[in-house]
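Summary of the model geometry
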Amino acid sequence: DVRMVEGELRLSHDIPEDADACVTLRECFSLVAPEENLHMNIDVKTEGLLVPVIELAREFSLEKRIIFTGACNDDRSLALSLGSDVWRSMWPGQEIADGIAANKKDGSPFLNVAYCMITEENNKALCESGGGFSAWTVDKTYFLRLFLGMGIANITTRNPVKAMELRKEIQGL
């Protein structure tokens, strides 16, 4: 989760009370850059951050390893032109069918949704349209196991060690 805080890109889901308590995106990029197989899902919390994030990513040669989600659904063509991509984000209460239609229109391959929005039925419909789900925030073992078994393309979790163990068990990866 990235937002602009006191003129600097920082990692924070909510608006922080103390900017210095949040890691800067620059610090994060410096740690990620050497890990060549590591890609990043940058969830932008406010509009207008795509270009500054990509400009910073270029300093670390990371722009091709970033997928944007969040407040940037209308920025896919801009992201592509700058070497990154945008996966359409949806929030509870929105209709998956509308997301599938929007993805067909703009070519986005994935819908980034709250895990509670994913069912086997809408996963099948999305897969049949040529797309897939990115699920957030999947922390419970039951849902990690379920979504790994369903072949969900991307899972955001606060329990990455467990997710990797289950991934190896279920998918052999």
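Quick note: structure is the one above.
Residue indices begin from 1 for each chain and proceed along its sequence in written order. Predicted model: local features are reported for residues with pLDDT of at least 70 only, side-chain atom pairs are reported and counted for 80 or more only, and whole-chain, interface and lining totals are derived from all residues. The side-chain values count all of the structure's non-hydrogen atoms but skip hydrogen atoms and water molecules.

Helix and strand counts for the chain stand at seven helices and nine strands. Computed over the C-alpha atoms, the radius of gyration of the chain is 16 Å, within 12% of the 16 Å expected from 2.2 N^0.38 for a compact globule of 173 residues. Projected onto the principal axes, the alpha-carbon positions of the chain cover approximately 45 × 35 × 30 Å. Relative accessibility decides the category of a residue: with a 1.4 Å probe and only protein chains considered, values under 20% of the type maximum give buried, values over 50% give exposed, and everything between is partly exposed. Evaluated residue by residue, the chain yields a buried proportion of 42% over its 173 residues. For the chain, long-range pairs separated by at least 24 residues make up 41% of all intrachain contacts whose partners lie at least 6 apart in sequence. Accessible surface, the chain: about 9700 Å² in total, of which carbon and sulfur atoms supply 51%. Positive charges come from Lys and Arg, negative ones from Asp and Glu, while His and the chain ends are left out of the count. Charged side chains are reduced to one point each, which is NZ for Lys, CZ for Arg, CG for Asp and CD for Glu. Side chains of the chain give 18 positive and 27 negative charges; the mean places of these two sets differ by 6 Å. Helix and strand definitions here come from DSSP, where helices need a minimum of 4 consecutive H or I residues and strands a minimum of 2 consecutive E residues; each element is numbered from the N-terminal end. We take the radius of gyration over the C-alpha atoms and set the globule estimate at 2.2 Å times the residue count to the 0.38 power. The contact criterion used throughout is that any non-hydrogen atoms of two residues lie within 4.5 Å. For the accessible areas, the method is Shrake-Rupley and the probe is 1.4 Å, while residue cover comes only from the protein chains on display.

Should a side-chain nitrogen of Lys or Arg be within 4 Å of a carboxyl oxygen of Asp or Glu, the pair is scored as a salt bridge. Counted under the stated rule, the structure contains eleven salt bridges. For Asp 1, the salt bridge identified is with Lys 45, shortest N-O distance 3.8 Å. Placement of Asp 1 in the segment before strand 1 (2-5) and of Lys 45 in the loop between strand 3 (40-44) and helix 2 (50-59) is noted, with a sequence separation of 44 residues between them. Put simply, Lys 162 and Glu 165 hold a salt bridge, and the shortest N to O gap is 4.0 Å. Of the two residues, Lys 162 and Glu 165 are both situated in helix 7 (residues 160-171); the distance of three residues between them amounts to about one turn of the helix. Because the salt bridges share partners, they merge into one network encompassing Asp 1, Asp 43 and Lys 45.

Buried residues of nine kinds, namely Ala, Val, Leu, Ile, Met, Phe, Trp, Tyr and Cys, make up a nonpolar core once their side-chain atoms join them within 4.5 Å. Core analysis: the biggest nonpolar cluster contains 22 residues, and Leu 25, Phe 29, Ile 42, Leu 50, Val 53 and Phe 68 have the highest contact counts within it. At five residues, helix 2 tops the list of elements feeding residues into this core. Leave out the neighbours within four places in its chain, and Phe 68 touches Asn 41, Ile 42, Val 44, Leu 50, Val 53, Ile 54, Ser 84, Asp 85, Val 86 and Trp 87. In this structure, Leu 111, Ile 118, Leu 144 and Leu 166 belong to the second largest nonpolar core, which totals 20 residues.

This brings us to the sheet that holds strand 7 (residues 110-114). Here, strands pair whenever DSSP counts at least two bridges between them. Reading across the sheet, the four strands line up as 6-7-8-9 and stay open at both edges, with parallel pairing between neighbours. Each end of this open sheet is capped by a strand with a single partner; those strands are strand 6 (88-89) and strand 9 (154-155). In the sheet, strand 8 (residues 132-136) pairs with strand 9 via two bridges, with the strands oriented parallel. Looking at strand 9, one finds that Ser 134 is bridged to Asn 154. What counts as an axis is a line fitted to C-alpha atoms, over the stretch in contact for a helix, and the angles between N-to-C directions run from 0 to 180 degrees. Against the sheet, helix 4 (residues 96-106) contacts strand 6, strand 7 and strand 8, and its axis sits at roughly 150° relative to strand 7.

Let us now look at unusual backbone geometry. Non-glycine residue Glu 6 carries a positive phi angle of around 50°. Here Ser 61, not a glycine, exhibits a phi torsion of approximately 55°, which is positive. Relative to the elements of secondary structure, Ser 61 occurs in the loop between helix 2 and strand 4 (66-70).

Shape descriptors only; they carry no functional weight alone.
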